[in-house]
Structure formats: structure tokens, C-alpha cells
Amino acid sequence: LHIDEICEDIKNQYEMGTASMALFCMKLVPEGVPLIPKAEQQCEIYDKFKAKLDAMGLKSGVLVQCTIGHGYPLNQPSKLTRIKSLISGEEQNAICPFDEEFREYMRHSFKVIASHNPDHIMLDDDFRLINRGPDSRGCVCNLHLSAFEKKTGIRKTREEIYAHVIGDSEVDAKMCDAFVETQLE
């Protein structure tokens with residue numbers, strides 16, 4: 001792991017004013033059946049660096065680089081609900097945050113990270129649903145379609161919602177607003 005060399009480099013960066021705190025990258029996007037305990041695995045490594053940095057009087061933290069995923073293919077698929085693109089209707093390589101098992105996995109993962117007492121935890125922006133890429137523009141998986149129906153009282157298909165999003169009538173605007181609200185939730 002080259003802990004001593006890396007921690008000395010971090011110290012030099014602090015002293016030169018290049019950085020004020022090292023954040024150790026953790027990728028938590030769920031993979032595997034059952035889900036791989038990534039937070040536990042990555043905290044084992046973090047603890048070694050943190051102990052050395054603490055002894056040097058230097059603060060350190062964690063950057064949670066991936067939660068729902070950035071869209072790249074995963075090494076091991078999970079059974080969690082994947083994001084379904086508003087535009088194409090295709091499933092993405094990212095997990096829908098409405099999936100309750102995903103939420104429990106994240107709650108647990110963050111509790112694990114917090115229990116290792118980092119000085120700071122930073123969360124990357126991969127958790128957004130709108131503007132994930134040119135093909136996405138939001139999630140219309142079954143969980144989101146149900147949330148849309150609950151919000152509007154009307155069951156709509158992906159195609160119907162998309163038509164509202166690109167439409168210009170008052171009804172389109174109301175349906176688009178309801179869709180955006182489901183994405184923000």
C-alpha cells in the first residue's frame with residue numbers, strides 16, 4: 001500500500017498549501033448478490049492511512065465517489081432496480097434511489113464510514129437523476145412511474161411522460177413539474 005510514502009506526500013501537499021485535507025475515494029455503488037460490503041472493505045484500508053495521518057497530526061476524510069453509479073458497466077450486477085431512461089426507455093448501469101434495499105445499503109454504508117471517524121465526508125454528485133447524460137434525463141423505472149401516479153393520480157407510460165416533458169401546453173407543464181418532483185425526491 002506504500003502508506004508511509006503516500007502519507008509523506010500528503011504531508012508535503014499540506015505544507016505547500018496544495019491541499020488542506022486528503023479525501024480517500026470510496027466507490028460504494030452496489031454490486032453483487034448478496035451486495036458486497038464495500039464500505040467495510042474500503043474502511044479497512046482507510047484505517048491504515050488514517051492512523052498514520054493522525055499520528056502525523058494531519059486530518060483526513062472520505063470522498064464517496066459513487067452511490068447510484070456513474071453509468072459504467074459494473075463488475076457484478078445486483079438485483080436492485082436500475083435507472084430506466086426517460087428518453088430511450090433503456091435500463092442504465094446505475095441504481096434507482098427509490099429502491100428501498102439500495103437506501104438501506106447506503107444508510108448502512110454511511111454508518112460504517114462514520115464509525116471510522118473521518119474528519120470529513122464528501123458525497124459526489126452521481127446521485128442526480130436528471131442530466132445524467134445525453135440519453136437519460138430522468139428515471140422512469142416502475143418505482144418512479146408509481147411515484148408519478150401517486151403524485152398526479154394518473155398512470156402514465158414512459159412515452160406519455162416524455163411527451164409531456166417536451167410538450168408546451170399547460171397540462172404538459174403540470175405533468176412535467178410532477179415528473180421533475182419525482183426525480184428530486
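Residues numbered from 1 in each chain as written. Predicted model: local features only at pLDDT ≥ 70, side-chain atom pairs only at ≥ 80, totals over all residues. Heavy atoms only, no water.

Structural notes on the packing of aromatic side chains
Okay, so step 1: According to the stated counting rule, one finds two aromatic pairs in the structure shown.
Okay, so step 2: Seen from their ring centres, Phe24 and Tyr46 are 5.6 Å apart, and the 65° between their planes marks the pair as edge-to-face. Of the two residues, Phe24 is situated in strand E1 (residues 22-27) and Tyr46 in helix H2 (residues 38-55); the sequence distance between them amounts to 22 residues.
Okay, so step 3: Between the aromatic rings of Phe24 and Phe49, the centroid separation amounts to 5.1 Å while the plane-to-plane angle is 35°, which identifies the pairing as tilted. Placement of the pair is Phe24 in strand E1 and Phe49 in helix H2, with a sequence separation of 25 residues. Comparing Phe24 with Phe49, the two get one shared label, buried.
Okay, so step 4: Taken together, the ring pairs in this structure connect Phe24, Tyr46 and Phe49 into an aromatic cluster. (Phe/Tyr/Trp six-rings, centres within 6.5 Å; stacked < 30°, edge-to-face > 60°. Helix = DSSP H or I, 4+ residues; strand = E, 2+ residues; numbered from the N terminus. Buried < 20%, exposed > 50% of the residue type's maximum accessible area, 1.4 Å probe, protein only.)

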